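# Analysis of the macromolecular model
Now for the letters of each chain:
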Amino acid sequence: MQLSGAQILWECLVRLGVDTVFGYPGGAILPAYDALLDYPIRHVLVRHEQGAAHMADGYARASGRVGVVIATSGPGATNLVTGLANALMDSIPMVAITGQVGSRLLGTDAFQEVDVTGVTLPVTKHNYLVTRAEDIAPVLREAFAVARQGRPGPVLVDITKDAQQAKTELDWEGAEPTRHLRCSLPAFTEEQVTAALDLIRGAARPLILAGHGIELSGAKEQVLAFAARTRTPMATTLLGIGAVPAQHPLNLGMMGMHGEAWVNQAIQEADLLLAFGMRFDDRVTGTLATYAQHAKKIHIDIDPAELGKNVPVDLGVAGDLRAFLDKLLPELDFHDHREWLGRIEALKGAAAVRDIQSMPDEGRLFAAHVIHDLWRLTEGTAIVVTDVGQHQMWEAQYYHHEEPRSLITSGGLGTMGFALPAALGAKIARPDKEVWVVAGDGGFQMTMPELMTLVQEGLKVNIAIINNGYLGMVRQWQEFFYERRYSSTPILSPDFVKLAAAFGIEGLSVSTREAAVRAIETARACEGPFLIDFRVEQEDTVFPMVPAGAALDAMIRRPIPATPSVLAETGADI
Amino acid sequence: MAHILVATTDDEPGVLNRVTSLVRRRAFNIHSLTVGPAETSGTSRMTMVVESDETGARRVAAHLEKLLNVLRVEILSERPSVVRYLALLRVSAPATTRGQVLLVGQAFRAQVVDVAEDSVVLECSGSAEKISALADALRPYGLMELSRTGALAMARGTLPTVVPLKRPEVDYPPLAMSV
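What you see is a predicted model, and the numbers here were worked out from it, not measured in a lab. Within every chain, residues take consecutive numbers counted from 1 along the sequence as written. Chain A is the first chain written and ligand 1 is the first ligand written, with later ones labelled in order. A pLDDT threshold of at least 70 governs which residues receive local features in this predicted model, and a stricter bar of 80 or more applies before side-chain atom pairs are shown or counted, although totals over entire chains, interfaces and linings include all residues. With hydrogens and water stripped out, all remaining heavy atoms of the structure feed into the side-chain values.

### A word on the domain arrangement of chain A
Residue and element names in this part refer to chain A.
- The domain limits used here are those given by an automatic or database domain assignment. When the domains of chain A are assigned, the result is domain 1 (2–183), domain 2 (190–350) and domain 3 (356–535).
- Between domain 2 and domain 3, the C-alpha centre-to-centre distance is 30 Å.
- Contact between two residues is taken to exist if any of their heavy atoms lie within 4.5 Å; hydrogens are not considered. Facing the 17 residues of domain 2 at the interface are 18 residues of domain 3.
- Two parts lose some accessible area (1.4 Å probe) when they are put together, and adding that loss for both gives the buried area. Taken together, the two surfaces of domain 2 and domain 3 that pack against each other cover about 1500 Å², and 62% of this comes from carbon and sulfur.

### Looking at the nonpolar core
All names here are of chain A.
- Buried Ala, Val, Leu, Ile, Met, Phe, Trp, Tyr and Cys residues that are joined via side-chain atoms within 4.5 Å together make up what is termed a nonpolar core. Between buried and exposed lies partly exposed: a residue is buried under 20% and exposed over 50% of the maximum accessible area for its type, with that area taken using a 1.4 Å probe on protein chains only. One finds Val 385, Phe 444, Leu 451 and Ile 463 to be the most contacted residues of the largest nonpolar core, which totals 52 residues.
- Secondary structure elements follow DSSP: runs of H or I of four or more residues count as helices, runs of E of two or more count as strands, with numbering from the N terminus. The biggest single contributor to this core is helix H18 (residues 419–429), with eight residues.
- Leu 9, Ile 70, Leu 140 and Leu 170 belong to the second largest nonpolar core, which has 40 residues in total.

### Description of the pattern of salt bridges
- A carboxyl oxygen of Asp or Glu within 4 Å of a side-chain nitrogen of Lys or Arg is what we treat as a salt bridge. Here the structure, examined in full by the defined rule, presents 38 salt bridges over all chains.
- The partner of Arg 179 of chain A in a salt bridge is Glu 12 of chain B, and the shortest N-O contact between them spans 2.9 Å. Remark: Glu 12 of chain B occurs in the loop between strand S1 (2–10) and helix H1 (15–25) and Arg 179 of chain A occurs in the loop between strand S8 (167–169) and helix H9 (190–201); the pair is interchain, linking two chains.
- Looking at Arg 179 of chain A, the relative accessible area reads 19%, which means it is buried.
- Glu 12 of chain B sits in the partly exposed class, given a relative accessible area of 36%.

### Looking at helix H4 (residues 128–142) of chain B
All names here are of chain B.
- The length a helix should cover is 1.5 Å for every residue beyond the first. The terminal C-alpha atoms of H4, which comprises 15 residues, lie 20 Å apart, in line with the 21 Å expected from a rise of 1.5 Å per residue.
- Those residues of H4 that fall on the buried side of the exposure criterion are Ile 131, Leu 134, Ala 135 and Leu 138.
- Contacts from the buried residues of H4 go to strand S5 (81–92), helix H3 (95–107), strand S7 (119–126) and strand S8 (143–148).

### With respect to the interface of chain B and chain A
- Residue-level contacts link 27 residues of chain B with 35 residues of chain A.
- Of the roughly 2800 Å² buried where chain B meets chain A, counting both sides, 58% is carbon and sulfur surface.
- Across the chain B-chain A interface, the total number found is four salt bridges.
- Two residues, Lys 66 of chain B and Asp 303 of chain A, come together in a salt bridge whose shortest N-O distance is 2.6 Å.
- The definition of a polar contact used here is a pair of N or O atoms within 3.5 Å, where within protein one atom must be able to donate a hydrogen and the other to accept one, and adjacent residues in sequence count solely through side-chain atom pairs. Counting every contact that joins chain B to chain A gives six residue pairs in polar contact (both at pLDDT 80 or more).
- Among the elements of the structure, H1 and helix H2 (54–65) of chain B are those that each provide at least two residues to the side of chain B that touches chain A.
- The residue classification treats Ala, Val, Leu, Ile, Met, Phe, Trp, Tyr, Cys and Pro as nonpolar and Asp, Glu, Lys and Arg as charged. All others, Gly included, are polar. Tallied by class, the residues present in the side of chain B that touches chain A amount to 12 nonpolar, four polar and 11 charged.

### Digging into the packing of aromatic side chains
Residues and elements named next belong to chain A.
- Any two rings among Phe, Tyr and Trp, with Trp reduced to its six-membered ring, count as a pair given centres within 6.5 Å; such a pair is stacked if its planes are under 30 degrees apart, edge-to-face if over 60, and tilted if neither. One pass over the structure, following the stated rule, counts nine aromatic pairs over all chains.
- Aromatic side chains Phe 188 and Phe 324 sit 5.0 Å apart centroid to centroid with 70 degrees between the ring planes, which places their arrangement in the edge-to-face category. With Phe 188 in the loop between S8 and H9 and Phe 324 in helix H14 (residues 321–328), this residue pair connects regions lying 136 residues apart in the sequence.
- According to the relative accessible area criterion, Phe 188 is buried, its value standing at 14%.
- Judged by relative accessible area, Phe 324 falls into the buried class, the value being 0%.

### A look at the sheet that holds strand S3 (residues 42–45) of chain A
All names here are of chain A.
- By the convention used here, strands pair only if DSSP detects at least 2 bridges between them. Judged by pairing direction, the sheet is parallel, and its six strands sit side by side in the order S3-S2-S4-S5-S7-S6 without closing on themselves. Unpaired on one side and paired on the other, S3 and strand S6 (126–130) mark the two borders of the sheet. Averaged over neighbouring strand pairs, the angle between their axes works out to 20 degrees when direction is ignored.
- The sheet contact formed by strand S4 (residues 67–71) and strand S5 (residues 94–100) spans five bridges and is parallel. When the sheet's bridge partners are listed, Val 69 is paired in S5 with Ala 96.
- Along the sheet face, helix H3 (residues 49–63) touches strand S2 (20–23), S3, S4 and S5 and points at about 165 degrees away from the line of S4. Axis definition: a line fitted to C-alpha atoms, limited for helices to the stretch in contact. Angles are taken between N-to-C directions and run from 0 to 180 degrees.

### Looking at the pairing of S6 of chain A
Residues and elements named next belong to chain A.
- Across the five residues that make up S6, a large majority, four, are buried.
- Strand direction decides the pairing type here: S6 and strand S7 (residues 154–160), joined by five bridges, are parallel. Counterpart to Leu 129 in the pairing with S7 is Asp 158.
- Handedness of a crossover is defined as follows: with both strands directed away from the viewer, a clockwise route from the first strand across the helix to the second makes it right-handed. As a crossover connection, the stretch from S6 through helix H7 (residues 136–148) into S7 is right-handed.

### Quick look at the sheet that holds strand S20 (residues 530–535) of chain A
All names here are of chain A.
- In space, the six strands of this open sheet follow the order S16-S15-S17-S18-S20-S19, with parallel pairing throughout. Each edge of the open sheet is held by one strand with a lone partner, namely strand S16 (407–408) and strand S19 (506–510).
- Relative to S20, S19 is paired through five bridges, and the arrangement is parallel. Counterpart to Leu 508 in the pairing with S20 is Ile 532.
- The sheet strands contacting helix H17 (residues 390–398) are strand S15 (383–386), S16, strand S17 (435–440) and strand S18 (462–467), and the helix crosses S15 at an angle near 155 degrees.

Right, here's the structure in full:
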């Protein structure tokens, strides 16, 4: 039977297991939108294509499935660019489908024509320009294979209007992809296993650096078994949060620029770092000149180009973490590392007094207290989707995630405006889960039109705006490194509660801790979406902080509360 | 130092753009690039000279290998190899100096490939240094045009030493798709 290219597109997506796409129609994608009505696929109509890309991203992060976004040519496609870059940096499997002007108009500067494959080349894992209906099925099948394979990432398929309209036979079997297998990795060698075991046996102060790769590889059980057998403590990257349970006794917490002081100190004192699916980003290493000088390094990553990219390693293993750990586990000996764990405990104890949880609020509202209360009241079981900035770091520090895929956050690209749309995608992927947006007043205003998408789709998502009247993280840098010259960081916001009301969303504004707790309870009890405007301390700071380019243990620490008893107890420097 | 990378790629529109875009994005400079069909139909061979240390060259190769359209990458500067450049040179050659121009050409084993009333075109292949030396030697006579290629390179020795870095025969375990 002859099908149009547009029908083949949806037929293939259904067969590839897609049930939801996020998108926005337009001229060059009209044939596809017409055919969509005949296929069992939920289309989420967004308010801006950037929102669609982040929704597909959030959907993919929450479910592990490929997120699909669809847009028209020209501006529709260019609006996807930020979302694609975001997905590429964080290794998120996504397929973007864009309409393109008719093939005979290509290169003529036709209406809404843009060189989409050119524009998106550096922000996709691969992309395609399809000009013939018979190429749609093989390209789509390959696109999904590429998006999922190895280190996942976004793939874009640009389909000309005439390719969508032309009729041809669908040859599903003949469209089976093979080219992606070129990028398959060879099996591990015995030498690599032996070398890893030797390094592990010789280590007195080992530390696991737990990254996003644990989640992507499904290696949580293997990592926990490794840690338990060898009594090796774990530190997580931002995207590694949730990959191993926060409350696990060997999980020290987050490393890096705003990581816990004892974690960064432990990295600097370790004699073996086991980097599991992470990439030694500059935000977790500080200056490389002084990074983990005493440590041998084993780096296991699915992406061979990551090995030795930032940090020279003693053993680099390109491959699947779970498969490699399965080889290691039966060979591991028990260690107790009593001395090393004791040393870390001591580091932890010295830092605990600086924890804001032990500080009184004195009637004021601190963002860290809000996040702590949110964690307590949701019993740590919600999917939290953050934006980018101070609130993101407070979330990472004070919401303790026990499950993989429960923190959804823009790590590598640091995309403000990510939270709200990504949360919509996450809720659609996991309707059974409580989903919270945690965003700043700045980032929220970047993509807030998606509130209407939330309402149109009938989704129950709760929104916490950490409102301090500043672009807080930039303000913090200005405070520390630019002599408090607050250039363009004070930001006005609308009355978020009234704004929510205009969208048909209930809301509350709160400025004390008691009211904050009640508001979280109200939001959770409310049947529909709920927005809370938390008016927090305006010039609060995320501690600790490793200044960009400084050594990992050269942290700016939170001032200790000036009570003599506490100072006497610790004797620590301020 | 300069490193010679040879990439075998699909012969498809846009592949050259993908390769050069990647090298640029990773902040490396391409000294020269020569592209042509490879031994198997449907594939191209790109010979690239990149200014970098050894680690950098390996990084470029590792990134290139991740491109879907790249079949394999070799770093030829790490092994004995033959490296050749080709140049065409148009030199002013009126009757008064023509004999001297042709002598210089002969000294460099350049071929005369075109003769006009007052100029000749010479063809020369060899190392980059040899071609530069020929161009310098001809300059006093009036070097009117110079067209030179980037490097062409091939490993010395028998073929089995050329190990394909990407192996199509093994599939990889799929992603953990469920939550």
